[in-house]
Amino acid sequence: MKLKPLFDKVVVKQPEETEQNIGGIFLPTAAKEKQEIAIVVAVGEGGIVDGKEVTMVVKPGDKVLYSKYAGSQFKIDGEEVTIIKQSDILAVVE
């Protein structure tokens, strides 16, 4: 399934994490804190949002840092994605 976000929304996906066993301690995935760095998968077209013109700055493939509690998480075709507003993106990581 292909997602096409509307207006100022951005679809992001967490990068694949490799399991690390430091000092013999194993942490299950559920015990790890959610990372706020993600890869942009799809971007809305922008437009007029709440009476203001929004121009989209990020593009698919960008690595971004976003607010900790931003967005909504969904599972689509077995993949977890998060849909956030562009204004919740704090920085593009280069």
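What comes next concerns the included structure. (Residues numbered from 1 in each chain as written. Predicted model: local features only at pLDDT ≥ 70, side-chain atom pairs only at ≥ 80, totals over all residues. Heavy atoms only, no water.)

### Observations concerning the pairing of strand 2 (residues 37–43)
Strand direction decides the pairing type here: strand 1 (residues 9–13) and strand 2, joined by 4 bridges, are antiparallel. Paired with Val-10 across the two strands is Val-43, which belongs to strand 2. When strand 2 meets strand 5 (residues 63–66), the two strands line up antiparallel, connected through 3 bridges. The residue bridging Ile-39 from the neighbouring strand is Lys-63, located in strand 5. (Pairing = 2+ DSSP bridges. Helix = DSSP H or I, 4+ residues; strand = E, 2+ residues; numbered from the N terminus.)

### Remarks on the pattern of salt bridges
Inspection of the entire model under this criterion finds 4 salt bridges. The residue Lys-4 makes a salt bridge to Glu-45 at a minimum N-O spacing of 3.0 Å. Pair noted here: Lys-4 is in the segment before strand 1 and Glu-45 is in the loop between strand 2 and strand 3 (47–49), with a separation of 41 residues, a long-range link. On the basis of relative accessible area, Lys-4 is assigned to the exposed category, the value being 59%. Residue Asp-62 is joined to Lys-59 by a salt bridge in which the shortest nitrogen-to-oxygen separation is 3.1 Å. (Salt bridge = Lys/Arg side-chain N within 4 Å of Asp/Glu carboxyl O. Buried < 20%, exposed > 50% of the residue type's maximum accessible area, 1.4 Å probe, protein only.)

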